[in-house]
Amino acid sequence: MRLRHIPGAEEAIAESPYVVQEPRQYRGRFRDLFGNENPIRIEVGMGKGRFIMEMAQTHPEMNFIGVERYSSVLLRALQKRAELDLPNIFFLCIDAKELPEIFAPGEVERIYLNFSDPWPKDRHAKRRLTSPDFMKVYDQVLAAGGKVEFKTDNQDLFSYSLESIPEAGWKIEASTRDLHHDPMAEGNVMTEYEMKFSALGNPICKLIASR
């Protein structure tokens, strides 16, 4: 993925009160950061943050952490975040592979994967966020009964995910290839990409996986 770098993005992130600057220091005690015992949900690859910020607004009884590795993308989310009064959301600028170093076993109640990079070439399959390698990562931080929710408009990636997730020892609890015309759409919060692709007439796919 090639992104346009925004000058000053790293500096803005380093100075932002909404970004956890030393997240490893909170491993096993992220609830101290939020000041409550509410469940923690994270979005991996949150992009500009529309989804997770709306989730935080809708569910004040939950704590949310947005994970985004690209500084120029995270900067856009910080600009939106500054306009909102949300005590239950923070951001991390890390790679998803680092999650077990950041969160203790069982510390995360749910993981959202929304419109992840499909990495279409076979040689890049391990980079897909629904690959067996990444499912092992999620397994290390999810609580008992925790779930992974995945949305995409990419039919090939969805087909791959329907196979790769069970191969990793997980079960698919529910799935659809046309979310907006399915009962699974109840309570659905759309991402920027979801709004764009559905406006073009692309059906949205979703699955929920658990161990």
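Presented here is a report on the structure given in the accompanying data block. Here the structure is a predicted model, which means the values were calculated and not measured.

Focus on the overall build of the chain
At step 1: Within the chain, the secondary structure is distributed over eight helices and seven strands.
At step 2: Relative to the globule expectation of 17 Å for 211 residues, the C-alpha radius of gyration of the chain, 16 Å, shows essentially globular dimensions.
At step 3: Across the 211 residues that make up the chain, the buried fraction comes to 48%.
At step 4: Long-range pairs, those at least 24 residues apart, make up 75% of the contacts in the chain between residues at least 6 apart in sequence.
At step 5: Looking at the chain, you have 28 positive and 32 negative side-chain charges, and the mean spots of the two groups are 4 Å apart.

Focus on the pattern of salt bridges
At step 1: This structure, assessed with the given rule, holds 12 salt bridges.
At step 2: The salt bridge involving Asp-95 is made with Arg-69; its shortest N-O contact spans 3.4 Å. One end of the pair, Asp-95, is in the loop between strand S3 (89-92) and helix H5 (99-102); the other, Arg-69, is in the loop between strand S2 (63-67) and helix H4 (71-81), with 26 residues separating them in the sequence.
At step 3: Given the relative accessible area of 48%, Arg-69 is considered partly exposed.
At step 4: A salt bridge links Lys-80 to Glu-192; the shortest N-O distance between them is 2.8 Å.

Some details on helix H7 (residues 155-167)
Residues three or four positions apart in an α-helix share a direction because the helix packs 3.6 residues into each turn.
At step 1: With 13 residues, H7 extends 19 Å from end C-alpha to end C-alpha; this agrees with the ideal 18 Å at 1.5 Å per step.
At step 2: For H7, the set of buried residues is Leu-157, Phe-158, Ser-161, Ser-164 and Ile-165.
At step 3: Of the surrounding secondary structure, the elements contacted by the buried residues of H7 are helix H6 (132-141), strand S5 (142-152), strand S6 (171-176) and strand S7 (205-210).
At step 4: For H7, the N-terminal capping position is held by Asn-154, with its side-chain oxygen 3.1 Å away from the main-chain nitrogen of Asp-156.
At step 5: Where H7 terminates, the next one or two residues include Gly-169, which has phi positive at roughly 95°.

Regarding unusual backbone geometry
At step 1: One non-glycine residue, Phe-115, lies in the positive phi region at around 55°.
At step 2: Within the element layout of this structure, Phe-115 appears in the loop between strand S4 (108-114) and H6.
At step 3: Positive phi, normally seen in glycine, also occurs at Trp-119, with a value near 40°.
At step 4: Its place among the elements puts Trp-119 in the loop between S4 and H6.

Overview of the environment of Ala-143
At step 1: Its location among the elements puts Ala-143 in strand S5.
At step 2: In this structure the C-alpha to C-alpha distance between Ala-143 and Phe-158, which are 15 residues apart in sequence, comes to 25 Å.
At step 3: Ignoring sequence-local partners within four residues, the contact set of Ala-143 consists of Gly-106, Val-108 and Arg-211.

Describing a positive patch on the surface
At step 1: Judged by side-chain charge, Lys-97, Lys-121, Arg-123 and Arg-127 come together as a positively charged surface patch.
At step 2: Looking at where Lys-121 falls in the secondary structure, it is placed in the loop between S4 and H6.

Considering the side chain of Glu-68
At step 1: Tracing the sequence through the fold places Glu-68 in the loop between S2 and H4.
At step 2: This buried residue, Glu-68, is left without a salt bridge; Arg-69 holds the nearest opposite charge, at 6.6 Å.
At step 3: Leave out the neighbours within four places in its chain, and Glu-68 touches Gly-45, Met-46, Gly-47, Val-73, Leu-74, Leu-92, Cys-93 and Ile-94.

Overview of the layout of surface pockets
Over the atoms, a rolling probe the size of a water molecule traces out where space has been left empty.
At step 1: Reported here for the second largest pocket is a volume of approximately 240 Å³.
At step 2: What lines the second largest pocket is a set of 17 residues, among which Met-55, Glu-149, Gly-187, Asn-188 and Lys-206 lie closest to the centre.
At step 3: Within the residue set of the lining of the second largest pocket, elements represented by two or more residues are helix H3 (50-58), S4, S5 and S7.
At step 4: Looking at the lining of the second largest pocket, its residues break down into six nonpolar, five polar and six charged.

Focus: the nonpolar core
At step 1: Counting residues in each nonpolar core, the largest one holds 35 residues, and the members touching the most others are Ile-42, Leu-99, Phe-103, Ile-111 and Tyr-138.
At step 2: Of the residues forming this core, the biggest block, five residues, is contributed by H6.
At step 3: Setting aside residues up to four positions removed in sequence, Ile-42 forms contacts with Ile-65, Leu-99, Phe-103, Val-108, Arg-110, Ile-111 and Tyr-112.
At step 4: Residues Phe-64, Leu-74, Leu-78 and Ile-89 belong to the second largest nonpolar core, which totals 18 residues.

Conventions adopted
Residues numbered from 1 in each chain as written. Predicted model: local features only at pLDDT ≥ 70, side-chain atom pairs only at ≥ 80, totals over all residues. Heavy atoms only, no water. Helix = DSSP H or I, 4+ residues; strand = E, 2+ residues; numbered from the N terminus. Rg over C-alpha atoms; globule rule 2.2 N^0.38 Å. Buried < 20%, exposed > 50% of the residue type's maximum accessible area, 1.4 Å probe, protein only. Contact = heavy atoms within 4.5 Å. Lys, Arg positive; Asp, Glu negative; His and termini not counted. Charge placed at Lys NZ, Arg CZ, Asp CG, Glu CD. Salt bridge = Lys/Arg side-chain N within 4 Å of Asp/Glu carboxyl O. Expected span 1.5 Å × (residues − 1). Polar contact = N/O pair within 3.5 Å; in protein donor to acceptor, adjacent residues only side chain to side chain. Patch = residues over 30% accessible without salt bridge, like charges linked within 9 Å, V, L, I, M, F, W, Y side chains within 5 Å. Areas by Shrake-Rupley, 256 points an atom, 1.4 Å probe, with all protein chains shown as cover. 1 Å grid on protein atoms, 1.4 Å probe; cavity = no way out; pocket = protein on both sides within 12 Å on 5 of 7 lines; lining within 4 Å. Points joined across faces, edges and corners; volume = space filled by probe spheres on them. Nonpolar A, V, L, I, M, F, W, Y, C, P; charged D, E, K, R; others polar. Core = buried A, V, L, I, M, F, W, Y, C linked by side-chain atoms within 4.5 Å.

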